[in-house]
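Descriptive analysis of the structure
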Amino acid sequence: MAEDPRDWNLETKLVRGGLMRTEYGEISEALFLTQSFAYDSAAAADARFAGEAPGFIYQRFGNPTTQMFEDRLALLEGAELCRATSSGMSAVHVALTGLLRAGDHLVAGRALFGSCRWIISEWLPRFGVEVTYVDATDLEAWKNAVRPNTRCFLVESPANPLLEVTAIGAVAEIARAAGARLVVDNVFATPVFQKPLALGADIVVYSATKHIDGQGRVLGGAILGSEALMLEAYKDILRHTGPALSPFNAWVLLKGLETLDLRVRRQSDNAAVVADAVAAHAKVRKTVYCGRPDHPQAAIIANQMSGGGNVLAFDLGSREAAWRFLDALQIVDISNNLGDAKSMATHPCTTTHRSMPAEEREAIGLTEGWVRMSVGLESAVDLQRDVERALDAA
Ligand SMILES: *Cc1c(COP(=O)(O)O)cnc(C)c1O
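The model shown is predicted, which means the values in this text are computed figures rather than measured ones. Every chain is numbered on its own, with residues counted from 1 as its sequence reads. The predicted nature of this model means local features are confined to residues of pLDDT at least 70 and side-chain atom pairs, given and counted, to a pLDDT of 80 or more, with totals for whole chains, interfaces and linings taken over all residues. Side-chain figures throughout are based on the complete set of non-hydrogen atoms in the structure, without hydrogens or water.

A word on the pairing of strand 5 (residues 181-185). Burial classes follow relative accessibility: with a 1.4 Å probe on protein chains only, a residue under 20% of its type's maximum area counts as buried, one over 50% as exposed, and anything between as partly exposed. Think of it this way: any DSSP run of H or I at least four residues long counts as a helix, any run of E at least two long counts as a strand, and we number them from the N terminus. Within strand 5, four of the five residues are buried, which leaves it mostly tucked inside the rest of the structure. By this definition, two strands are paired if DSSP reports at least two bridges between them. Across five bridges, the pairing between strand 4 (residues 150-156) and strand 5 is parallel. Looking at strand 5, one finds that Cys152 is bridged to Arg181. Handedness rule for crossovers: strands pointing away from the viewer, path from the first strand over the helix to the second running clockwise, crossover right-handed. Since strand 4 and strand 5 lie parallel, the crossover through helix 7 (residues 168-178) that links them has a hand, and here it is right-handed.

With that settled, the discussion passes to the domain arrangement of the protein chain. Frequently, the measure chosen for interface size is the accessible area removed from exposure when the parts meet. Just so you know, the domain bounds were taken from an automatic or database domain assignment. Looking at the protein chain, the domain boundaries give domain 1 (5-258) and domain 2 (261-393). For domain 1 versus domain 2, the distance between C-alpha centres works out to 27 Å. Between domain 1 and domain 2, the buried area comes to about 3000 Å², and carbon and sulfur atoms account for 61% of it. What makes a salt bridge here is a side-chain nitrogen of Lys or Arg within 4 Å of a carboxyl oxygen of Asp or Glu, nothing more. Notably, a salt bridge pairs Arg117 with Glu360, separated by 1.6 Å at the nearest N-O pair. The term polar contact refers here to a pair of N or O atoms within 3.5 Å; inside protein, the definition further demands a hydrogen-donor-capable atom paired with an acceptor-capable atom, and it admits residues adjacent in sequence only when both atoms are side-chain atoms. Our count for the contact surface shared by domain 1 and domain 2 stands at 16 residue pairs in polar contact (both at pLDDT 80 or more). Elements supplying a minimum of two residues to the side of domain 1 that touches domain 2: helix 1 (10-16), helix 5 (114-123) and helix 8 (190-193). Polar here means any residue other than Ala, Val, Leu, Ile, Met, Phe, Trp, Tyr, Cys and Pro, which are nonpolar, and Asp, Glu, Lys and Arg, which are charged; Gly is therefore polar. Looking at the side of domain 1 that touches domain 2, its residues break down into 18 nonpolar, 12 polar and six charged. In this description, buried area is defined as the sum, over both parts, of the accessible area (probe of 1.4 Å) that is lost when the two are combined.

The criterion for a residue being near a molecule or strand is simple. One of its heavy atoms has to lie within 4 Å of it. In the region of the ligand, the neighbouring residues are Ser87, Gly88, Met89, Phe113, Glu156, Asp185, Val187, Phe188, Ser207, Thr209, Lys210 and Gly220. In the environment of the ligand, a nitrogen atom lies 2.7 Å from a nitrogen or oxygen atom belonging to the side chain of Asp185. In this structure, Lys210 approaches the ligand through a side-chain N or O atom, which is 2.7 Å from an oxygen atom. Per-residue accessibility takes into account occlusion by the displayed protein chains alone, with areas from the Shrake-Rupley method and a 1.4 Å probe. Surface burial for the ligand is 92%, taken as the share of its 380 Å² of free accessible area covered by protein chains.

A few words now on the pattern of salt bridges. Counted according to the given criterion, the structure contains 18 salt bridges. One salt bridge connects Arg6 with Asp4, and the closest N-O pair in it is separated by 3.0 Å. Residue class for Arg6 comes out exposed when judged on its relative accessible area of 63%. Accessibility expressed as a relative area gives 27% for Asp4, which makes it partly exposed. Among the charged side chains, a network of salt bridges with common partners joins Glu29, Arg72, Lys255 and Glu258.

The structure is reproduced here in structure tokens:
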């Protein structure tokens, strides 16, 4: 009997999922840099446009290389359908606007990636969508935020930059009872360590720019969910508004997926070493890392994540100390990206979260002393030495 790829283990899915070979039998996935496709006859074009015959039409609708990436990611997420997008932000934008219309209400966790906050605070209200932010760790707050017109919940867990964790299953139940769809931004956990659909989410979004590329090259994004919801909510908006992923970027991301499990596990092991060293240092007031038992939501993490991930955050008490730390690093780069093979650290208050109003920063506990670090693939010994020396200098 033929193997069903859905029965494969994660590592096999990452290397072989979605593979479509041409007549040449190439081992590495083919890169189809083509905008359009030729039809054998006028009748064949008619059938394809009518959706009665399979096949590609135009790169904005689909492309074989992009489809290999989509099918591979869907397989490892356990989703019926994946659609790739040009960036993580186009994925979040489409994921929300495909579910919402004027007069609808969205509830979102208040600790979010900066551009996601802009979409919710500035963009959606222009189109008549009402929004409420809640403390995503407070289940009563989610319940109390529900209105008759609530259609969508958005959760980022772990959240940027202080790694707040939301009980995805419990929030999914509240969403279901309210008749709303739960969208989860799963970037920080990666598909290796957390499966939001299995926990009850309706839609998962990724910035593939982060761990899925993992080597700092291209932007990409993805939206995943059941076939029925993906087609109903997103098929037309993806075709007609044009956030398509470039096939070249899809090819880079396919190669990224092959090593995702190896990279993310090693990065997470390295992050655990760095987090322990940071937490033990006298200059550090507070350390947050999902792999440490002192994480405020450690019990929830144990239920829904199978690894700590590669991001940690720590409070050095003041902006001056945080900047002295960053400026003293010799191996780790000062950069706002994350998930890369190269370790990087950033000062969220003056970079990624500078547009967040001060009182909202205060509400999530993001004060001037916090540093966020994305741990890479360098030697853990070298990283620990670099970080400890920089902490001494802070
Ligand atoms: C980076 C990031 C995004 C946006 O992704 P881009 O690929 O940069 O557009 C969205 N959500 C989270 C959690 C992110 O880290």
